[in-house]
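What follows is each chain in one-letter form.
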Amino acid sequence: MGEILVIAEHRQGQLNPASLEVIAAAVALKEESGHKVTVAVIAESPDDFAGLVAKAGVDEVVKVPVPVASFQSDTYEAAVLALAEARKPAVIMCAHTVDAWGYAPAVAARGQFGCATDVFEMRFEAEGLVAVRAAYAEKLHMEVDFPGKETVLLTVRTNVFKPLEDDGSPAVTSFEAPSAEAHTEHLTFVEPEQTGDVDITQAEYMLSIGRGVGEEDNVEEFKELADAFGFTLGCSRPIADNGWLPKSRQVGQSGKTVAKCKIYLALGISGSVQHMAGMKHVPNIIAVNKDAEASIFTIAKYGIVGDMFEIAEELRDQDS
Amino acid sequence: MKILVPVKQIAVVDEDFELRDDGKDVDPDYLNFEANEWDDYSYEAALNIMEASDGVEVVPVTVGPDDAEDVLRRCLAKGGDRGIRVWDDALEDANPAVVAQVLAGVAAREKPDMILTGTLSSDRSYAQTGVALAAALGWPHVAVVTGIEWTPGDPKATLLRELEGGLVEKLSVECPAVLTIQLGINTPRYASLRGLKQAKEKPVEELSLDHLGLSGDSLAELASFRVRRMYKPETGQAELIEGTPAEQAARLAEIIKELKGAA
Ligand SMILES: Cc1cc2nc3c(=O)[nH]c(=O)nc-3n(C[C@H](O)[C@H](O)[C@H](O)COP(=O)(O)OP(=O)(O)OC[C@H]3O[C@@H](n4cnc5c(N)ncnc54)[C@H](O)[C@@H]3O)c2cc1C
């Protein structure tokens, strides 16, 4: 029996919920492959997280004590490589998070493992593991395999797999990772600035603008439109990066999740995974985009293929 | 002092497109080529460091065919005196583990003091190349960097790294290092027409795998995956609102009203 090794992730004392999604994906993969599922907890005090990852279907939780409290890439790399060396897992899985971006490609390169990032579908076929990920701004999916690779590392897209509810009673073991020379040092965390601006996580109705808005001078008319309809104005990342709206208005992975939103009007937003991470749960997404193939239409309930300025102008006339 | 900046020409698909005969990629006739957005930020970050100190050289490098020279010229139009382009037909469809090895070969020749890459390239979104390059060189690395405090020659840099939900980590890294640069770290400058004209005169060194002591066969062994096929995902469930813009807007207003009423 082979093994699927999940690397759990945590930050500021909290298990990353995305790790539970990866465990769910691993357990599903176990059902078709017969591989056992092991979850590794690499932490200063792994006991803090070991119980949290002991979900039904997990066969083993391996505690890997390390001398650093927060993520450190060299430490993670050394631990994961040593685990892989000791166990020769068929698959190593972790969430496609910023921390994983910082160490997973190095692990794959150093171990000469098969590797695919941002994977949202995986299965075993006769020739081995097959993974599916997106390409070209989500307009295409690509199916990849890993000929000749004994171990394959997958980083798994977040918000795709449903975390398992039931707890299990896996074996709990410990593993001593080799000490790693750390070339980076954590100094501090900087919390997002409290700007006193509206809290978009509480908004029920959002109108968000993306790069389709074109230039800063155009932002005001959408602000007025949002006001007229009683919507809160939000934005995709380029708008905040340009300073056209404050960062507190940015919806997405590195922005905010609009947790309470019921209607989300997306104007000139393409629908990158990172944007969708903050709004794809909204029950009523309405998208206006010039590009009929924009991936925002794959999650929208209603769509208008058209120019956001034309639609905005007509909407204003509607209102008056 | 030298900063190496790997940059990439990315492909964007036309609205209507067809796949290549082998089904493994888009037919090149339907692709448009652009500079990768993230590389605008990494290159700008390098220029900012160059302009703040004396005696710093910024060298853009790309792994790509002839026409990928455009992205180098675009960089050189903004600053920097020379670029490097590596190509071999064996690199067609190369995956990031392979590109990282090629870039490591360039780094071995150039001996830079820092390497700045983009976090991601928007055509394939692998988010692997920079960190895999660091692994190939055995260098320290930090991904998704949104702030750099470093004066060339300093043994360490202080960085900001952007995490999820707006949280930021402040950390230090030993140099030389590979940093992958995130959007928003700066405001990239535009290439002026004059700059573009001047850039035409700047040298771009063309390297083959031989120059780097690499071979297509040995690189092929590094491939970490193989593309089996590409396909259009099933299109989503959006109900399209048709008609003239006025009709579409009227229906949209109606839908909003209904949804608000029901909510
Ligand atoms: C680690 C990481 C974290 C990130 N975090 C976030 C995040 O939190 N939030 C976020 O949004 N992004 C985030 N991004 C960036 C993300 O990858 C995209 O770059 C970004 O979401 C694109 O924004 P956009 O949709 O506005 O722009 P684009 O992708 O450029 O799309 C613009 C769209 O507007 C359409 N359009 C243009 N003109 C018009 C018009 N007149 N009328 C109608 N439609 C028009 C175009 O067809 C296109 O679809 C992150 C990226 C990384 C790597």
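Everything below is about the structure printed above this text.
For clarity, every value in this text was computed on a predicted model and none was experimentally measured.

1. Some words on the overall build of chain A
Point 1. The number of helices and strands found in chain A is eight helices and 18 strands.
Point 2. In summary, chain A has a C-alpha radius of gyration of 22 Å against a globular reference of 20 Å for 320 residues, a match within 12%.
Point 3. In terms of overall dimensions, chain A has C-alpha extents of about 70 × 45 × 35 Å along its principal axes.
Point 4. A buried classification covers 59% of the 320 residues belonging to chain A.
Point 5. Counted over contacts in chain A with a minimum sequence separation of 6, partners at least 24 positions apart contribute 64%.
Point 6. For chain A, the exposed area adds up to about 12400 Å²; of that, 48% sits on carbon and sulfur atoms.
Point 7. Here chain A contributes 26 positive and 49 negative side-chain charges, whose respective centroids are spaced 3 Å apart.

2. Comments concerning the packing of helix H1 (residues 37-52) of chain B against helix H2 (residues 69-78) of chain B
All names here are of chain B.
Point 1. Contact geometry for H1 and H2: axes closest at 11 Å, N-to-C directions at 35 degrees. For the crossing formed where H1 meets H2, the hand is right-handed. On the side of H1, the interface is formed by Asp40, Tyr43 and Leu47, while H2 contributes Arg74, Cys75, Leu76 and Lys78.
Point 2. By residue class, the composition of the contact of H1 with H2 is four nonpolar, no polar and three charged.

3. Topic: the sheet that holds strand S11 (residues 152-156) of chain A
Residue and element names in this part refer to chain A.
Point 1. On the basis of which strands lie adjacent, the open sheet formed by seven strands has the order S7-S11-S6-S1-S4-S5-S12 and parallel pairing. Both outer strands of the open sheet, strand S7 (114-119) and strand S12 (171-174), are each paired with one neighbouring strand and no more. Averaged over all pairs of adjacent strands, the angle between their axes in this sheet comes to 20 degrees, without regard to strand direction.
Point 2. Sheet analysis places strand S5 (residues 60-65) next to S12, joined by four bridges and oriented parallel. Counterpart to Lys63 in the pairing with S12 is Ser174.
Point 3. Lying on the sheet, helix H3 (residues 73-87) is in contact with strand S1 (3-7), strand S4 (36-43), S5, strand S6 (91-95) and S12; it crosses S4 at an angle near 150 degrees.

4. With respect to the nonpolar core
Point 1. Core analysis: the biggest nonpolar cluster contains 50 residues, and Met93, Met122, Tyr136, Phe146 and Leu154 of chain A have the highest contact counts within it.
Point 2. Examining the composition of this core, we find that eight residues originate from one element, helix H1 (residues 17-33) of chain A, more than from any other.
Point 3. Those residues in contact with Leu154 of chain A that sit more than four places away from it in its chain are Val91, Ile92, Met93, Cys94, Ala116, Val119, Met122, Leu129, Ala131 and Phe146 of chain A.
Point 4. Of all hydrophobic cores here, the second largest spans 46 residues; its members include Val7, Val56, Leu76 and Leu167 of chain B.

Reading the values: the criteria
- Residues numbered from 1 in each chain as written.
- Chains lettered and ligands numbered in written order.
- Predicted model: local features only at pLDDT ≥ 70, side-chain atom pairs only at ≥ 80, totals over all residues.
- Heavy atoms only, no water.
- Helix = DSSP H or I, 4+ residues; strand = E, 2+ residues; numbered from the N terminus.
- Rg over C-alpha atoms; globule rule 2.2 N^0.38 Å.
- Buried < 20%, exposed > 50% of the residue type's maximum accessible area, 1.4 Å probe, protein only.
- Contact = heavy atoms within 4.5 Å.
- Areas by Shrake-Rupley, 256 points an atom, 1.4 Å probe, with all protein chains shown as cover.
- Lys, Arg positive; Asp, Glu negative; His and termini not counted.
- Charge placed at Lys NZ, Arg CZ, Asp CG, Glu CD.
- Axes fitted to C-alpha atoms, helices over the stretch in contact; angles between N-to-C directions.
- Left-handed = near helix turned anticlockwise from the far one by under 90°.
- Nonpolar A, V, L, I, M, F, W, Y, C, P; charged D, E, K, R; others polar.
- Pairing = 2+ DSSP bridges.
- Core = buried A, V, L, I, M, F, W, Y, C linked by side-chain atoms within 4.5 Å.

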